[in-house]
Amino acid sequence: MKISYQPKGVCSRLMNIEVEDGVIQNLEVIGGCNGNLKGISALVKGMKVEDAISRMEGIHCGMKSTSCPDQIAQALKQAL
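Note that the structure is predicted; figures quoted are calculated from it, not measured. (Residues numbered from 1 in each chain as written. Predicted model: local features only at pLDDT ≥ 70, side-chain atom pairs only at ≥ 80, totals over all residues. Heavy atoms only, no water.)

Things to note about helix α1 (residues 34-44)
Because an α-helix completes one turn every 3.6 residues, residues spaced three or four positions apart along the sequence face the same direction.
Turning to step 1, where the next piece is worked out: For α1, every residue scored as buried is listed here: Leu37, Ile40, Ser41 and Val44. Angularly, the buried residues of α1 cover 100° about the axis, an arc narrow enough to put them on a single face. For α1, the exposed residues set more than 90 degrees away from the buried face come down to Gly35, Lys38, Ala42 and Leu43.
Turning to step 2, where the next piece is worked out: Next to the buried residues of α1 lie β2 (12-20), β3 (23-31), α2 (49-56) and α3 (68-77). (Buried < 20%, exposed > 50% of the residue type's maximum accessible area, 1.4 Å probe, protein only. Helix = DSSP H or I, 4+ residues; strand = E, 2+ residues; numbered from the N terminus. Arc of directions from axis to C-beta. Contact = heavy atoms within 4.5 Å.)

Describing the environment of Glu28
Turning to step 1, where the next piece is worked out: Within the element layout of this structure, Glu28 appears in strand β3.
Turning to step 2, where the next piece is worked out: Of the residues examined, Glu28 reaches a relative accessible area of 41% and is grouped as partly exposed.
Turning to step 3, where the next piece is worked out: A sequence separation of 13 residues divides Glu28 from Ser41, and the C-alpha atoms of the two residues are 6.8 Å apart.
Turning to step 4, where the next piece is worked out: Not counting residues within four places of it along the chain, the set of residues in contact with Glu28 comprises Leu14, Met15 and Asn16.

Points about the pattern of salt bridges
Turning to step 1, where the next piece is worked out: According to the stated counting rule, one finds one salt bridge in the structure shown.
Turning to step 2, where the next piece is worked out: Of the charged contacts in the structure, one is a salt bridge between Lys77 and Glu57, with a shortest N-O distance of 2.4 Å. Residue Lys77 is found in helix α3, and its partner Glu57 is found in the loop between α2 and α3; the two are separated by 20 residues along the sequence.
Turning to step 3, where the next piece is worked out: Taking relative accessible area as the criterion, Glu57 reaches 36% and is therefore assigned partly exposed. (Salt bridge = Lys/Arg side-chain N within 4 Å of Asp/Glu carboxyl O.)

If you want it as structure tokens, here you go:
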């Protein structure tokens, strides 16, 4: 399953996620902090969707009520 998600309240503009059998196969984030998001993408590859959500959901960025990792978690919820 491929998901394209437009995040809200963060610098990144688009998240493309590929999930197969409940496991993240690929994550591409357009915009945002390039190095950090490439690192997160590499770390979640091969991870179960539920595990990634539980680790990233609720993370804040500065004074914002969300973050790119939190928005990734929101996108992954669509895969469930």
